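Examining the three-dimensional arrangement
So the chains spell out like this:
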Amino acid sequence: MSIGANIKSLREERKLTQERVAESLGITFQAVSSWERDEYKPDVEKLIKLAELFDVSVASIVEEKPKTFKTKEAIYDWERMKTYVKATANNFKLRNTLKAIDYAVEAHAGQSRKRSTIPYIYHPLNLACHALSMGIIEDDIIAACLLHDVVEDCGRKLEDLPVDEATKELVALMTRDEATGKDRTEILVSYYEAIGKNPKAALIKCLDRCNNLTTMAWGLSRERIYRMIKETEEYYPALIKTMKLTPEYNNAAWLLKYQIESMLDIYKRLM
């Protein structure tokens, strides 16, 4: 596809008129029309503004795309993951996990992942399955994976969670105050320092970040992706180090470090 075809495709995907694009760039709609017909090409300044407007990279506008690929928002079905976690919990008698799974499904009912129709419960179930696939079969960890967002995102109270105190402590560590404005850095530093003192919480948080990096590409703006890269590089090495200090989490630490850093490199190259 040509630059003009890319501009037209991106504009139509976002349901924008040529007039709306022109207004945003401070030009005439005839200029936008001439770009889309490949009569003229936008200069570098206009390309950058188009990328910001469409929330894409400049490369996605200027590169030819002879083929398009079908993408998946979800790799696994959440109900199958739920069945797998329940079966494993029954097999290993993970009592907190058995209580947490139905509670999490109910608490997240009606919620979706950002800019998608994927039920939100897909995310905590993914964390639980990821942990189990790495041989982490610890009741408080799996239960906290399932419940890690219910206090922060569902308005549930920590004391009302149907799990023991050890699991509640992990959920409390995973729950963060809104980090915006001038207090953002202070809140993040305090949040990650607390998690970094607990190897189980560090493991869950790395699972959380790994899943967000791999399944939220469609739901984040370029600015949010940039912030996520910076935040991950700043705070997550310390969490991996905490995990490595606990022998039983050494393998998980290696795998998560590899997955997180590989995804960051992919994001950087595509940015």
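Use the structure listed above.
The text that follows walks through the structure, step by step, so that each part is easy to find. Treat the numbers as computed from the prediction; the structure is a model and nothing was measured.

Brief notes about the overall build of the chain
- Of regular secondary structure, the chain possesses 15 helices and zero strands.
- Across its three principal axes, the chain shows a C-alpha extent of roughly 70 × 35 × 35 Å.
- Among the 271 residues that make up the chain, the fraction classed as buried is 45%.
- Long-range contacts, defined here as pairs at least 24 residues apart, represent 68% of the contacts in the chain between residues at least 6 apart.
- Surface exposure of the chain reaches about 15,000 Å², of which carbon and sulfur atoms provide 51%.

Overview of the packing of aromatic side chains
- Tallying each qualifying case throughout the model produces four aromatic pairs.
- Aromatic side chains Tyr192 and Tyr235 sit 4.5 Å apart centroid to centroid with 10° between the ring planes, which places their arrangement in the stacked category. Here Tyr192 is found in helix H12 (residues 184-196), whereas its partner Tyr235 is found in helix H14 (residues 222-244), with 43 residues between them in sequence. Here the two residues Tyr192 and Tyr235 agree in accessibility, since each one is buried.
- Members of the aromatic cluster, connected to one another through ring pairs, are Tyr191, Tyr192, Tyr235 and Tyr236.
- In this structure, Arg156 is placed above the aromatic ring of Tyr103, and the distance from its NZ or CZ to the ring centre is 5.3 Å.
- Of note, Arg176 hangs over the ring of Tyr191, and the distance from its end group to the ring centre comes to 5.7 Å.

Examining the nonpolar core
- Residues Val85, Leu147, Leu203, Met243 and Leu256 are the most contacted members of the largest nonpolar core, which totals 64 residues.
- In this structure Val85 touches Thr97, Ile101, Leu125, Ala128, Cys129, Leu132, Ile142 and Leu146, once residues within four positions along its chain are discounted.
- Grouped together as the second largest cluster of nonpolar side chains are 15 residues, Val32, Trp35, Leu50 and Phe54 included.

Description of a nonpolar patch on the surface
- A cluster of nonpolar residues, Val44, Ile48, Val58 and Val62, forms a patch on the protein surface that exposes about 300 Å² of accessible area.
- Note that Val44 resides in helix H4 (residues 44-54).
- For Val44, a relative accessible area of 61% gives the class exposed.

Here we look at the side chain of Asp140
- Looking at the secondary structure, you find Asp140 in helix H9 (residues 139-147).
- Here Asp140 falls in the buried class, since its relative accessible area comes to 12%.
- Engagement of the side chain of Asp140 in a polar contact is seen with the side chain of Lys200, the distance being 2.8 Å.
- Setting aside its immediate chain neighbours within four residues, Asp140 contacts Ala166, Thr167, Leu170 and Lys200.

Topic: the pattern of salt bridges
- A complete count under the given rule lists 16 salt bridges for this structure.
- Put simply, Glu231 and Arg184 hold a salt bridge, and the shortest N to O gap is 3.2 Å. Taken as a pair, Glu231 in helix H14 and Arg184 in helix H12 lie far apart in primary sequence, 47 residues in all.
- Classification of Glu231 by relative accessible area gives buried; the value is 4%.

Some words on unusual backbone geometry
- Phi is positive for Asp55, which is not a glycine, with a value near 60°.
- For Asp55, the position within the fold is in the loop between H4 and helix H5 (59-62).
- The exposure class assigned to Asp55 is partly exposed, which follows from its relative accessible area of 25%.
- Of note, Lys93 is a non-glycine position whose phi angle comes to about 55°, a positive value.
- Mapping Lys93 onto the fold places it in the loop between helix H6 (78-91) and helix H7 (95-107).

How each quantity is defined
Residues numbered from 1 in each chain as written. Predicted model: local features only at pLDDT ≥ 70, side-chain atom pairs only at ≥ 80, totals over all residues. Heavy atoms only, no water. Helix = DSSP H or I, 4+ residues; strand = E, 2+ residues; numbered from the N terminus. Buried < 20%, exposed > 50% of the residue type's maximum accessible area, 1.4 Å probe, protein only. Contact = heavy atoms within 4.5 Å. Areas by Shrake-Rupley, 256 points an atom, 1.4 Å probe, with all protein chains shown as cover. Phe/Tyr/Trp six-rings, centres within 6.5 Å; stacked < 30°, edge-to-face > 60°. Lys NZ or Arg CZ within 6 Å of the ring centre and 35° of its normal. Core = buried A, V, L, I, M, F, W, Y, C linked by side-chain atoms within 4.5 Å. Patch = residues over 30% accessible without salt bridge, like charges linked within 9 Å, V, L, I, M, F, W, Y side chains within 5 Å. Salt bridge = Lys/Arg side-chain N within 4 Å of Asp/Glu carboxyl O. Polar contact = N/O pair within 3.5 Å; in protein donor to acceptor, adjacent residues only side chain to side chain.

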